[in-house]
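Residues per chain, in single letters:
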Amino acid sequence: MTTVLITGASAGLGAAFARGFAAKGCDLVLVARDKDRLGAVADALAREYGTASEVLPADLLDPADLDEVAGRLADRTRPVDILVNNAGFGLPAPFPYNPVEDEERMLDLLVKVPLRLTHAALPGLRERRRGGVVNVSSVAGLLPTGTYGAAKAWVTAFSESLRVDMEPYDVRVLAVVPGFTRTEFQERAGADVSALRDAVWLEPEAVVEQALRDLALRRPVSITGRHYRAYALAVRHLPRAFVARKMARKRSAPGPDA
């Protein structure tokens, strides 16, 4: 029986990953801040799939809570076979206009937390010579798209490098690189996405289905949708300075009273 630990599991892609792994018969460790929402997800999975879910409420930006989750991953008596680093958030304005404390919190959650949790999980995975790490990145990391994109670029690069390091131990590492996905993320970030066409949106279930397929096939990166795969291919060949200017025009600064 495979056990999967998922961060940010109370909603969005995290909850979709929980459903995807539950459908495959996996046991789950669900991590998020909201205990009640986690419990609701666990109950729904038990009813639909008969899945046993351990609910582990934790604020991953709290050092004590992060230590607890890392300790759960390192526990050899209750092995976790797959870690899904999914927790994250965005900010509503470009870097110069956000409080630096908010920027630091975002960087910690997107970079420090997956680094720490992955480091805790790897000794057991290497020892058992199986399992994997799934890191949720973003197409925002493919181009200069502010500090969120910069952090997600790190996640993708980290995953691809780690995949090479873990290959001799038969441990799989996958970077999931979704585009705009119908979750609570945009609303929580305060992003205005009203001008986006329906065609650009992905459903979280489709992202997870593609990710699980790519994990099974041992691919390094998972991108859902032909339009996003074409986008990823195209941006590799665009001049970086040109792209940076284009993306900067799309990021608006707040008004003078903000």
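You'll find the structure just up there.
Residues numbered from 1 in each chain as written. Predicted model: local features only at pLDDT ≥ 70, side-chain atom pairs only at ≥ 80, totals over all residues. Heavy atoms only, no water.

(A) Expanded view of the pairing of strand 4 (residues 82-85). Here strand 4 shows no split at all, with Ile82 and Val84 on one side and Leu83 and Asn85 on the other all buried. With three bridges connecting them, strand 1 (residues 3-7) and strand 4 associate as parallel partners. In the strand pairing of strand 4, Leu5 is matched with Leu83. Pairing analysis gives four bridges linking strand 4 to strand 5 (residues 132-136), with the strands arranged parallel. Bridge pairing links Val84 to Val134 in strand 5. Following the chain from strand 4 across helix 4 (residues 100-128) to the adjacent parallel strand 5, one finds a crossover that is right-handed. (Buried < 20%, exposed > 50% of the residue type's maximum accessible area, 1.4 Å probe, protein only. Helix = DSSP H or I, 4+ residues; strand = E, 2+ residues; numbered from the N terminus. Pairing = 2+ DSSP bridges. Right-handed = clockwise from strand over helix to strand, strands pointing away.)

(B) Just the packing of aromatic side chains, in detail. Inspection of the entire model under this criterion finds two aromatic pairs. Geometrically, the ring pair formed by Phe17 and Phe21 is stacked, given 6.4 Å between the ring centres and 25° between the ring planes. With a gap of four residues between them, Phe17 and Phe21 both fall in helix 1 (residues 12-23), about one helical turn apart. For the pair Phe17 and Phe21, a shared accessibility class is recorded, and that class is buried. (Phe/Tyr/Trp six-rings, centres within 6.5 Å; stacked < 30°, edge-to-face > 60°.)

(C) Main features of helix 7 (residues 204-216). Between its first and last C-alpha, helix 7 extends 18 Å over 13 residues, near the 18 Å set by a 1.5 Å rise per residue. Of all the positions in helix 7, only Pro204, Val207, Val208, Gln210, Ala211, Leu212, Asp214 and Leu215 are classed as buried. Contacts from the buried residues of helix 7 go to helix 1, strand 4, strand 5, strand 6 (172-176), strand 7 (221-222) and helix 8 (226-235). (Expected span 1.5 Å × (residues − 1). Contact = heavy atoms within 4.5 Å.)

(D) Highlighting empty space enclosed by the protein. The tally for this structure, following the rule as stated, stands at two cavities of 30 Å³ or more. Lining the largest cavity are 14 residues; nearest its centre among them are Asn85, Asn86, Ala87, Leu109 and Pro114. Those elements giving two or more residues to the lining of the largest cavity turn out to be helix 4, strand 5 and helix 5 (146-166). Residue classes in the lining of the largest cavity are distributed as nine nonpolar, four polar and one charged. Its boundaries defined by the atoms lining it, the second largest cavity holds a volume of some 40 Å³. Every residue along the wall of the second largest cavity is listed here: Leu73, Ala74, Asp75, Arg76, Pro79, Ala120, Gly124 and Arg128. Counting only elements with at least two residues in the lining of the second largest cavity, the list comes to helix 3 (63-74) and helix 4. Broken down by element, the residue count for the lining of the second largest cavity peaks at three residues, all from helix 4. (1 Å grid on protein atoms, 1.4 Å probe; cavity = no way out; pocket = protein on both sides within 12 Å on 5 of 7 lines; lining within 4 Å. Points joined across faces, edges and corners; volume = space filled by probe spheres on them. Nonpolar A, V, L, I, M, F, W, Y, C, P; charged D, E, K, R; others polar.)

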